[in-house]
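Observations on chain architecture
The primary structure of each chain is shown beneath.
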Amino acid sequence: QKNNMAYHKNSPWSQANLPHTLVTQRSSSINSERFSLLLLEFGEIYFEDFSAIYYPMAPSEAESVEIKQRGRLKLCSQSILFDPLDFTYPIIKVSFKDCKTIKLLKHETSSKFPENTFVMVATQLTEMLEWNIIAPFKFVKEERRLLFSLTYGSIDSVLSQIITLEHAVRLPRADQHAVIENVVITRQSQVSFNTSWLENLYEEQVLETYGERVTPLVSNPGRIMLTSSRIYFQPFNNVEVDPVVKLEL
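1. Focus: the packing of helix H3 (residues 155-168) against helix H4 (residues 173-189)
Contact geometry for H3 and H4: axes closest at 8 Å, N-to-C directions at 150 degrees. Overall, the two elements H3 and H4 adopt an arrangement that is roughly antiparallel. Together, Gln-161, Thr-164, Leu-165 and Ala-168 of H3 and Gln-176, Val-179, Ile-180, Val-183 and Arg-187 of H4 make up the contact between the two elements. Looking at the contact of H3 with H4 residue by residue, the classes come out as five nonpolar, three polar and one charged.

2. A closer look at the pattern of salt bridges
Evaluated as defined, the whole model comprises 14 salt bridges. For Glu-41, the salt bridge identified is with Lys-93, shortest N-O distance 3.5 Å. Placement of the pair is Glu-41 in the loop between helix H1 (20-32) and strand S1 (46-55) and Lys-93 in strand S4 (residues 91-95), with a sequence separation of 52 residues. Among the residues examined, Lys-93 registers a relative accessible area of 6% and is labelled buried. Overlapping salt bridges, with partners in common, bring together Asp-49, Arg-72 and Lys-74 in one network.

3. Some thoughts on the packing of aromatic side chains
In this structure the tally under the stated criterion is eight aromatic pairs. Seen from their ring centres, Phe-82 and Phe-148 are 5.6 Å apart, and the 45 degrees between their planes marks the pair as tilted. Taken together, the positions of Phe-82 in strand S3 (residues 79-84) and Phe-148 in strand S9 (residues 144-150) put the pair 66 residues apart, joining distant regions of the chain. The buried category is assigned to Phe-82, whose relative accessible area is 1%.

4. Considering the sheet that holds S1
In spatial order, the strands read S5-S6-S9-S1-S2-S3-S4-S7-S8; together these nine strands make up an open sheet with antiparallel pairing. Two strands bound the open sheet, and with one partner strand each, they are strand S5 (99-104) and strand S8 (138-140). Strand-to-strand twist of the sheet, defined as the mean angle between neighbouring strand axes without regard to direction, takes the value 30 degrees. Where strand S6 (residues 117-122) lies against S9, six bridges are found, and the strand directions are antiparallel. Looking across to S9, one finds that Thr-117 is bridged to Ser-149. The strands touched by H3 within the sheet are S1, strand S2 (69-76), S3, S5, S6 and S9, with S5 carrying the most contacts at an inclination of about 160 degrees.

Cut-offs and rules
Sequence order sets the numbering: in each chain, residues are counted from 1 along the sequence as written. Under the rules for a predicted model, residues below a pLDDT of 70 receive no local features and side-chain atom pairs below 80 are neither given nor counted, while totals for whole chains, interfaces and linings still include all residues. Side-chain metrics rest on all non-hydrogen atoms present in the structure, leaving aside hydrogens and water. Here, axes are lines fitted to C-alpha atoms. For helices the fit covers the stretch in contact, and angles between N-to-C directions go from 0 to 180 degrees. Strands are runs of DSSP state E lasting at least 2 residues, helices are runs of H or I lasting at least 4, and numbering of each runs from the N terminus. Orientation labels follow simple angle bins: below 35 degrees gives roughly parallel, above 145 gives roughly antiparallel, 65 to 115 gives roughly perpendicular, and whatever is left gives oblique. Note on contacts: a residue pair is in contact if any heavy atoms of the two residues lie within 4.5 Å. In the scheme used here, Gly and all other residues not listed as nonpolar or charged are polar, with Ala, Val, Leu, Ile, Met, Phe, Trp, Tyr, Cys and Pro taken as nonpolar and Asp, Glu, Lys and Arg as charged. One speaks of a salt bridge when a side-chain nitrogen belonging to Lys or Arg is within 4 Å of a carboxyl oxygen belonging to Asp or Glu. For the exposure calls, accessible area comes from a 1.4 Å probe over protein chains only, and a residue counts as buried if that area is under 20% of its type's maximum, exposed if over 50%, partly exposed in between. Between 30 and 60 degrees the pair is tilted, below 30 it is stacked and above 60 it is edge-to-face, where a pair is any two Phe, Tyr or Trp rings, Trp via its six-membered ring, whose centres lie within 6.5 Å. Strand pairing follows a simple DSSP-based rule, namely that at least 2 bridges must link the two strands.

In structure tokens form, the structure reads like this:
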């Protein structure tokens, strides 16, 4: 699928040969953060992210803690991604359909891991944008045990959301769409447009509704606010460069 393609720097589809507008958009996106909606499957929805720590596999717990990676854990409708703050490490993407186990790590007194650590066992995963270089994705087709802990927040709440989505992808297609749609609607119904983003507090608010911002290869849902002077778009997630898009009428 087009939005999952990665381009090697020497290929005819390299940045040098892509349309200028698309190159500019991709470059500015990955300069501040590598994650983008282009890394997701077609139709997949990005919900939110969490400050987290990833503990790579090592001979001992102490060594795993020693080489830990800080970053952002991205929760999506069909997968979960870990984007390290250190760009020398790749983004790790695990599809829920490839997960064998997702559970809270059983904590022992002698454990080196924090109490809010959970474990994912996946039959395969994808590594992307190592060293922040646009190159073909690396598909690791072997069983991996991944450990994550949250820097802030409740692990129970986050783990519950992850497990709900993981269970959904194993259902028949119709039921799968119904569960994910219910999660999406529930999340989006809890978000209203933040009127503090209005340029002028005296603007007349005409209409607030659901909408999507469409850009090359992707679309991102959010709230549209129509006022007497402007149209505003506030995405449901934090993937956009600007928290709110403002267009003068």
